[in-house]
Amino acid sequence: VEDARPLIINDLAPRIRSRDIVYVYWGGWPAFTVYGSRAGWVGLLHALYRPARVHGAAIFFGAEHDKPLGNLNEIAQRLRSGSYARLWLFSSHMLAQSTEYAVLARLSHCFGTEQALYTQGALLFRFDLGSSPGMPTCLRLLTGTTRGAL
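Residues numbered from 1 in each chain as written. Predicted model: local features only at pLDDT ≥ 70, side-chain atom pairs only at ≥ 80, totals over all residues. Heavy atoms only, no water.

Engineer: Even after reading the chapter, I still don't get helix α1 (residues 5–12), so can you show me in this structure?
Structural biologist: In an α-helix there are 3.6 residues to a turn, and that puts residues three or four apart on one side. Among the residues making up α1, those that are buried are P6, L7, I8, D11 and L12. As for α1, its buried residues are in contact with β1 (20–24), α2 (29–38), β4 (86–92), β5 (113–119) and β6 (122–128). (Buried < 20%, exposed > 50% of the residue type's maximum accessible area, 1.4 Å probe, protein only. Helix = DSSP H or I, 4+ residues; strand = E, 2+ residues; numbered from the N terminus. Contact = heavy atoms within 4.5 Å.)

Right, here's the structure in full:
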């Protein structure tokens, strides 16, 4: 059983702002779509193909599952495509928790965790992209093109 509603409605919805990017791990699509719609966000069903825009923030759904390097490549590709201040990662319906934790470990190593929130079966992390030692280095680290690859 998972309870993603409070993370989306109570934590993310009131805090999302312009220049944020939200990565929804593949298992979180259904919950994010339902509760995001309840928060008044539209266009979420197409976020796999192009980012949905909510209050100036970009929301996209990850297509890779159970492949940490694939998830990190998706995130790095999106980060290269814009000038973002914060990265949010949402996941629920976590079947292969080791995958989520491998992705979170790499993101935390690169950017530092600004906020970590958990409910039964769901998580929401926020990373401050401005605190990274250097975005190009971090993007190479995320995608495994430097030491420390997954």
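Picking up where we left off.
Engineer: I tried to follow the pairing of β4 on my own but got confused; where do I start?
Structural biologist: Regular strands place side chains that alternate from one sheet face to the opposite one. Burial of β4 is extensive: 7 of the 7 residues sit out of reach of the surface. Here β4 shows two buried faces, one formed by R86, W88, F90 and S92 and the other by L87, L89 and S91. Summarising the sheet, β1 and β4 pair through 5 bridges and their orientation is parallel. Looking at the pairing, V24 lines up with F90 of β4. Relative to β6, β4 is paired through 7 bridges, and the arrangement is antiparallel. Paired with F90 across the bridge in β6 is L124. (Pairing = 2+ DSSP bridges.)

Engineer: It is not clear to me how the packing of α1 against α2 should be interpreted in this structure. Could you clarify?
Structural biologist: Look at α1 against α2: their axes get within 9 Å of each other, and the N-to-C directions meet at 40°. As far as their axial angle goes, α2 and α1 are oblique. As α1 runs across α2, the sense of the crossing is right-handed. Listed contacts from α2 to R5, I8, I9 and L12 of α1 are A31, F32, Y35, G36 and R38. (Axes fitted to C-alpha atoms, helices over the stretch in contact; angles between N-to-C directions. Parallel < 35°, antiparallel > 145°, perpendicular 65-115°, else oblique. Left-handed = near helix turned anticlockwise from the far one by under 90°.)

Engineer: What am I meant to see in α2 here?
Structural biologist: For α2, the set of buried residues is A31, F32, T33, Y35 and G36. Against α1, β1, β3 (57–61) and β4 lie the buried residues of α2.

Engineer: Just checking my understanding: could you explain the packing of aromatic side chains for this structure?
Structural biologist: The geometry of an aromatic ring pair is captured by two quantities: the separation of the ring centres and the angle between the planes. Within this structure, the stated rule accounts for 8 aromatic pairs. With a centroid separation of 5.6 Å and an interplanar angle of 90°, the aromatic rings of Y118 and F125 are classed as edge-to-face. The class for F125 is buried, based on a relative accessible area of 6%. Three or more aromatic residues link up through ring pairs in this structure, and these residues are W29, F32, W41, F61 and F90. (Phe/Tyr/Trp six-rings, centres within 6.5 Å; stacked < 30°, edge-to-face > 60°.)

Engineer: Would you mind showing me how to read the nonpolar core here?
Structural biologist: Within the largest apolar cluster, 25 residues are counted, with the highest numbers of intra-cluster contacts made by L79, L89, L107 and F111. Broken down by secondary-structure element, the contributors of at least two residues to this core are β1, β3, α3 (68–80), β4, α4 (97–111), β6 and α5 (135–143). Counting 23 residues, the second largest nonpolar core, distinct from the first, contains I16, I59, W88 and L117. (Core = buried A, V, L, I, M, F, W, Y, C linked by side-chain atoms within 4.5 Å.)

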